[in-house]
Structures are given as structure tokens and as C-alpha cells.
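Each chain is listed here by its residues.
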Amino acid sequence: VQLQASGGGLVQPGGSLRLSCAASGSILSANVMGWYRQAPGKQRELVATITSGGITRYGDSVTGRFTISRDNAENTAYLQMNSLKPEDTAVYFCKTNRPITPVYMYWGQGTQVTVSS
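Residues numbered from 1 in each chain as written. Predicted model: local features only at pLDDT ≥ 70, side-chain atom pairs only at ≥ 80, totals over all residues. Heavy atoms only, no water.

### Side note on the overall build of the chain
Right, on to step 1. Helices and strands together make up the secondary structure of the chain, namely 0 helices and 11 strands.
Right, on to step 2. Taken from N to C terminus, the helices and strands of the chain fall in the order β-β-β-β-β-β-β-β-β-β-β.
Right, on to step 3. Dimensions along the principal axes, computed over C-alpha positions, put the chain at roughly 45 × 25 × 25 Å.
Right, on to step 4. A burial count over the chain gives 41% of its 117 residues as buried.
Right, on to step 5. Across the chain, every contact between residues at least 6 apart in sequence was considered, and the portion connecting residues at least 24 apart equals 52%.
Right, on to step 6. Summed over its atoms, the accessible surface of the chain is roughly 6100 Å², and 50% of this surface lies on carbon and sulfur atoms.
Right, on to step 7. Computed over 10 positive and 6 negative side-chain charges, the inter-centroid distance for the chain is 5 Å. (Helix = DSSP H or I, 4+ residues; strand = E, 2+ residues; numbered from the N terminus. Buried < 20%, exposed > 50% of the residue type's maximum accessible area, 1.4 Å probe, protein only. Contact = heavy atoms within 4.5 Å. Areas by Shrake-Rupley, 256 points an atom, 1.4 Å probe, with all protein chains shown as cover. Lys, Arg positive; Asp, Glu negative; His and termini not counted. Charge placed at Lys NZ, Arg CZ, Asp CG, Glu CD.)

Pasting the structure below:
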């Protein structure tokens, strides 16, 4: 499985960005797609995840501002980020995993998001 992330960039505080994560390869049903982020000097943290059935989970710091969605037919997940803050600056990583047999987990390359005036 390969993951291709895109959509990062530089945005002013209060602005919006939309990240995409396209999965390809031997993708199985009942999987989870998600976004994690890592700022310099900090641990990687959960941003949001979504199951193939549409169940979502968000990190506390982004709840109410970010929305994750997915297109199962296209094997693509999206992260709509609104009301961005400087503390959202980080490298954002896409991940997909399957919690049932056969279990797998794959990470994509990161995409930089910088929130600055």
C-alpha cells in the first residue's frame, strides 16, 4: 500500500487548508485512514482518523476546527482545516491501518503545514 499526501503549504492564522491522502495498492476493506502531525521537538500526535464506515475521531486540539472525510471509491481521505493557528504548524502524516486480520499499517510521506503571518 502506498499513500500520497498533498495539500500542505503556508497559510495565515485564521485561514484554511485541505489535505488529501490517496491510497493505492493492495487496499483491503474495513480499514482506517487518518492524519497525525509532528511539530519540531514534539512527539507525533493524533489529528483525526476515519473508518471505512465513516466513524471519526479527533485530537482535542483540533476538534471543532478540522473535519476528516473520505471517499471509499477513490481510497482517498481528506482533512479540511479551518481557523488555523500558529500552533497547528507541523509536518502532517497520513496513515492507513487495518485493525482486523490481515492486519496492516502504512505511513505516507509528510506534508508541511505552516501557519504564520
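Now that the structure has been shown, we can carry on.
### Considering the nonpolar core
Right, on to step 1. Membership of the largest hydrophobic core comes to 25 residues, with the highest contact counts inside it found for Trp35, Val47, Phe66, Leu79, Met81 and Tyr92.
Right, on to step 2. Those elements giving two or more residues to this core turn out to be strand 1 (2–6), strand 3 (17–24), strand 4 (32–38), strand 5 (45–51), strand 7 (66–71), strand 8 (76–81), strand 9 (90–98) and strand 11 (111–115).
Right, on to step 3. Here the element with the most residues in this core is strand 3; it accounts for 4 residues. (Core = buried A, V, L, I, M, F, W, Y, C linked by side-chain atoms within 4.5 Å.)

### Section: the pattern of salt bridges
Right, on to step 1. In total, this model carries 3 salt bridges according to the counting rule given.
Right, on to step 2. Between Asp88 and Arg37 there is a salt bridge, with the nearest N and O atoms lying 2.9 Å from each other. With Asp88 in the loop between strand 8 and strand 9 and Arg37 in strand 4, this residue pair connects regions lying 51 residues apart in the sequence.
Right, on to step 3. With a relative accessible area of 1%, Asp88 lands in the buried category.
Right, on to step 4. Overall, Arg37 belongs to the buried group, its relative accessible area being 5%.
Right, on to step 5. For Asp88, the salt bridge identified is with Arg65, shortest N-O distance 2.8 Å. Pair noted here: Asp88 is in the loop between strand 8 and strand 9 and Arg65 is in the loop between strand 6 (56–58) and strand 7, with a separation of 23 residues, a long-range link. (Salt bridge = Lys/Arg side-chain N within 4 Å of Asp/Glu carboxyl O.)

### A few points about the state of the cysteines
Right, on to step 1. A complete count under the given rule lists 1 disulfide for this structure.
Right, on to step 2. Each sulfur of the disulfide joining Cys21 and Cys94 lies 1.8 Å from the other. Negative torsions about the S-S bond denote left-handed disulfides, and the value of about -80° found for Cys21 with Cys94 makes this one left-handed. Here Cys21 is found in strand 3, whereas its partner Cys94 is found in strand 9, with 73 residues between them in sequence.
Right, on to step 3. Exposure remark for Cys21: the relative accessible area of 0% places this residue in the buried category.
Right, on to step 4. In this structure Cys94 comes out as buried when scored by relative accessible area, which is 0%. (Disulfide = S-S within 2.5 Å.)

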